[in-house]
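Below are the chains, spelled out letter by letter.
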Amino acid sequence: MKTKSIFLSLVCLLILFINSCNLFKENPVKAKNGMVVSASEIASNVGVEILKKGGNAIDAAVATGFALAVTYPQAGNIGGGGFMVIHLANGKSTTIDYREKAPLKAFRDMYLDSAGNYIPKLSQTGVTSIGVPGSVAGMIYALEKYGTISLKEVIQPSIDLAIDGWKLNKWNKEHFEYYKDEFKKYSSSFKTFTNNGRLYEEGDIFKQPELASTLELIKEYGNDGFYKGIIADLMIKQINKYGGYITQEDLDKYKPVERKPIIGSYRGYKIVSMPPPSSGGIALLEMLNTLENYSFDKNDWGGSDYVHKLVEAMKYTYADRTEYLGDPDFFSVPKDKLISKKYAKTIFEKITDRATPSNKITHGKFTNFKESKETTHYSVYDKFGNAVSVTTTLNSSFGSRIVVEGAGFLLNNEMDDFSSKPGEPNIYGLLGSEANSIQPEKRMLSSMTPTIVLKDEKPYLVIGSPGGSQIITAVLQGILNVTDFKMNIKQAIDAPRFHNQWLPDKIFYEKDTFSKSIKNELVSLGYSFEEEKLDKRKIGMLAAILINNKNIFGAFDKRGPGKAVGY
Ligand code: GLY
């Protein structure tokens, strides 16, 4: 009996040893010259080939962006929008906003019935949910202003992939299958995402000839190949067919905007992130500024006190997000106040050693949760020292699920990121105020947080994530794991995560994030919990690059199918 239990103990020790070895095997990809990290290995390879040919990080980012529209159709796109944060080797930081816009025919109460009740399906699905797409204009703007090679060169690999096809992985197959009933509603979508009406299998070659023709037109005519002519006609025809709002005038008027980044500091690092119409940069800095008032010891990570401090910082920040964030071209966002160290100190001073109930928290005074999380982030770094951080989205997985007939690309459902009825939650459970109410030509508020962290004024960390409202807290935890807890970049982005967004007053967490004892300690502080159930129980999906001592380390989150590719 005794021999048996000694034997069993040895087996257990062996299993623990093997597991810990596996943990340490989780190393980032290391390279000397350049790196692209995206949700699709094929798209990362497209970007790296551009770098190898002498292109810079902006060239590679645009090539990767077009490739993701082919190889990661659930979120990579030409029919959606995005944000690009750039830090150039010459020290300049900038951002490009190619967020979708509300059409000219949009109006404040367009998603309410005659009694003033919000009708979620109008903002969340179908043609009424489509915002004027910005991705093509934004990527071309970035390339023309900061790239070094031609549109023809950066787009050709994506055209080849769409014509020749590429092998579907398990992730693609499962996503196509999951949304099959949605695709059935539109013959163009059903045709695109099924193999002559049958479900695709893993390993099948997926060809997109109509998408290839659209990309060819963009290659030939630039913006005019998408916003005018055949493709624009097909888009408008499709939208009109189902009673949508977008017209040719909307397409003619769409322009990306270059904006000054949100810049702040955290423990000596410089944080460069996306300004409004994303809430990401401001909210990230508000949380970092608040947390800077504490000092964390390596052993604090994951403990109840650590979780408590982060969650309180999150609550105050999301309360401010609700009230003050919107399109800066339409609403005066008190940006400088929200990211000031002084304001963060006032939040820090309000945090006690117990949970503050959300109904006792209100936004700073200067003057229901349900989320689809398919956005995608990619990070790029080149041998010249340029860094690019891009988050792009169709909003939900496959956006409005409407493929433009004859043009082969999906249209977004981004209009749901507006506050359709101030006070009513959107698909992400996020509340909004007048700051984010619908107006013609206004950009809807986003949570996308493409970020570059500088150390001694040089890129140190390039990071971002999908995840709707959870993007900002996922990026926060990825950064803290590097700056405060000295994890390598792979461990930092794979580590378990939690999230709070003020309302609902709950800590959302991934399975196995908290031990029973930590959870009990947090309950005794007054917290309640909900295990993350949506989107395969993930909170974010980080794609990051860390540059240290001339070595470039890249990693894609274990939660997703992507890859870091370096050379
Ligand atoms: N559609 C998600 C976001 O922009 O945050």
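Please refer to the structure higher up on the page.
Residues numbered from 1 in each chain as written. Predicted model: local features only at pLDDT ≥ 70, side-chain atom pairs only at ≥ 80, totals over all residues. Heavy atoms only, no water.

S.K.: Which parts of the structure should I look at to understand the sheet that holds strand 15 (residues 458-464)?
M.R.: To summarise the sheet geometry, strands pair through backbone hydrogen bonds and adopt either a parallel or an antiparallel arrangement. Across the sheet, seven strands lie side by side as 1-20-19-15-14-9-8; this open sheet has antiparallel pairing. Edge positions in the sheet fall to strand 1 (29-31) and strand 8 (262-266), since each has one partner strand and no second. Pairs of neighbouring strands in the sheet enclose a mean axial angle of 20°, with direction left out of account. Pairing between strand 19 (residues 543-548) and strand 20 (residues 551-556): six bridges, direction antiparallel. Note on strand 20: the bridge partner recorded for I545 is G554. (Pairing = 2+ DSSP bridges. Helix = DSSP H or I, 4+ residues; strand = E, 2+ residues; numbered from the N terminus. Axes fitted to C-alpha atoms, helices over the stretch in contact; angles between N-to-C directions.)

S.K.: Can you walk me through the sheet that holds strand 7 (residues 257-259) in this structure?
M.R.: Sheet architecture is open: seven strands sit in the order 7-4-3-11-10-2-21, paired in antiparallel fashion. Of all strands in the sheet, those with a lone pairing partner are strand 7 and strand 21 (563-566), marking the two edges. Averaged over all pairs of adjacent strands, the angle between strand axes in this sheet comes to 15°, irrespective of strand direction. Against the sheet, helix 3 (residues 57-71) contacts strand 2 (35-38), strand 3 (81-87), strand 10 (375-381) and strand 11 (387-393), and its axis sits at roughly 150° relative to strand 10. Sheet strands in contact with helix 5 (residues 135-146) are strand 3, strand 4 (93-98), strand 7, strand 10 and strand 11, and its direction is about 155° off that of strand 4. (Contact = heavy atoms within 4.5 Å.)

S.K.: Help me out: how do you make sense of the pattern of salt bridges in this one?
M.R.: Pairing is possible between side chains that carry opposite charge, provided their charged atoms lie close to one another. Scanning all chains against the criterion turns up 33 salt bridges. The salt bridge partner of R401 is E182, with a shortest N-O separation of 3.0 Å. A residue is classified by how much of its surface remains accessible, and R401, at 11% relative accessible area, is buried. Of the charged contacts in the structure, one is a salt bridge between K253 and E441, with a shortest N-O distance of 3.3 Å. By relative accessible area, E441 is classed as partly exposed at 21%. (Salt bridge = Lys/Arg side-chain N within 4 Å of Asp/Glu carboxyl O. Buried < 20%, exposed > 50% of the residue type's maximum accessible area, 1.4 Å probe, protein only.)

S.K.: I would appreciate a short explanation of the packing of helix 14 (residues 280-291) against helix 18 (residues 471-483) in the present structure.
M.R.: Pairs of packed helices are described in terms of their axes, by the angle between the two and the distance that separates them. Across the interface, helix 14 lies against helix 18 with an axial gap of 10 Å and an inter-helix angle of 45°. Taken together, the axes of helix 14 and helix 18 lie oblique to each other. Two packed elements cross with a definite hand, and for helix 14 against helix 18 that hand is right-handed. From helix 14, G280, A283, L284, M287, L288 and L291 reach across to helix 18, where they touch I472, T473, V475, L476, I479 and L480. Looking at the contact of helix 14 with helix 18 residue by residue, the classes come out as 10 nonpolar, two polar and no charged. (Parallel < 35°, antiparallel > 145°, perpendicular 65-115°, else oblique. Left-handed = near helix turned anticlockwise from the far one by under 90°. Nonpolar A, V, L, I, M, F, W, Y, C, P; charged D, E, K, R; others polar.)

S.K.: I keep staring at the site of the ligand and nothing clicks. Help me out?
M.R.: Near the ligand you find 10 residues, and of these N395, E414, D417, S446 and S447 are the closest. Between R99 and the ligand, the recorded distance is 3.0 Å, taken from a side-chain N or O atom to an oxygen atom. In this structure, an oxygen atom belonging to the ligand sits 2.8 Å away from a main-chain N or O atom of S447. Considered on its own, the ligand offers 200 Å² of accessible surface; in the complex 99% of this is hidden by protein. Here the shell around the ligand is built from residues that sort into two nonpolar, five polar and three charged. (Near = heavy atom within 4 Å. Polar contact = N/O pair within 3.5 Å; in protein donor to acceptor, adjacent residues only side chain to side chain. Areas by Shrake-Rupley, 256 points an atom, 1.4 Å probe, with all protein chains shown as cover.)

S.K.: Whenever I open this one, the pairing of strand 20 confuses me. Can you help?
M.R.: The side chains of a regular strand alternate between the sheet's two faces. Among the six residues of strand 20, five are classified as buried, and the element is accordingly described as predominantly covered. With three bridges joining them, strand 1 and strand 20 adopt antiparallel strand pairing. Counterpart to K30 in the pairing with strand 20 is F553. Taken together, strand 19 and the strand that follows it, strand 20, pair antiparallel across an intervening segment of two residues, in which N549 is found at a positive phi of about 50°.

S.K.: What exactly am I supposed to notice about the side chain of D494 here?
M.R.: As for its position among the elements, D494 is in helix 19 (residues 489-494). By relative accessible area, which is 8% here, D494 ends up buried. Look past the residues within four positions of D494 in its chain and what remains in contact with it is E26, F556, D557, K558 and R559.

S.K.: Just to check I follow, could you spell out the nonpolar core for this structure?
M.R.: One recurring pattern in soluble globular proteins is that nonpolar side chains are buried together. Of all hydrophobic cores here, the largest spans 166 residues; its most connected members are I78, M84, I218, F409 and F498. Ranked by the residues each element gives to this core, the list is headed by helix 3, at 11 residues. The next biggest cluster of nonpolar side chains, apart from the first, holds 11 residues, and it includes A106, Y111, Y245 and M444. (Core = buried A, V, L, I, M, F, W, Y, C linked by side-chain atoms within 4.5 Å.)

S.K.: What am I meant to see in the packing of helix 3 against helix 10 (residues 209-221) here?
M.R.: Between helix 3 and helix 10, whose axes approach to 11 Å, the crossing angle comes to 160°. One way to sum up the angle between helix 3 and helix 10 is to call them roughly antiparallel. Like other packed secondary-structure pairs, helix 3 and helix 10 cross with a definite hand, here right-handed. For the pair helix 3 and helix 10, the contacting residues are F66, A69 and V70 in the first and L211, L215 and I218 in the second. In terms of residue class, the contact of helix 3 with helix 10 is made up of six nonpolar, no polar and no charged.

S.K.: Please explain helix 6 (residues 151-164) as it appears in this structure.
M.R.: For an α-helix the count is 3.6 residues per turn, leaving residues at separations of three or four pointing the same way. Here helix 6 is 14 residues long and its end C-alpha atoms lie 20 Å apart, about the 20 Å a rise of 1.5 Å per residue gives. Roughly 25° is the biggest bend found in helix 6, and it falls at P157. Considered for burial, the residues of helix 6 that qualify are L151, V154, I155, S158, I159, L161 and A162. Contacts from the buried residues of helix 6 go to helix 2 (41-52), helix 3, helix 5, strand 5 (166-167), strand 6 (205-206) and helix 10. Looking one or two residues beyond helix 6, the residue adopting positive phi is G165, at roughly 85°. (Expected span 1.5 Å × (residues − 1). Bend = angle between axes of the 7 residues up to and from the residue.)

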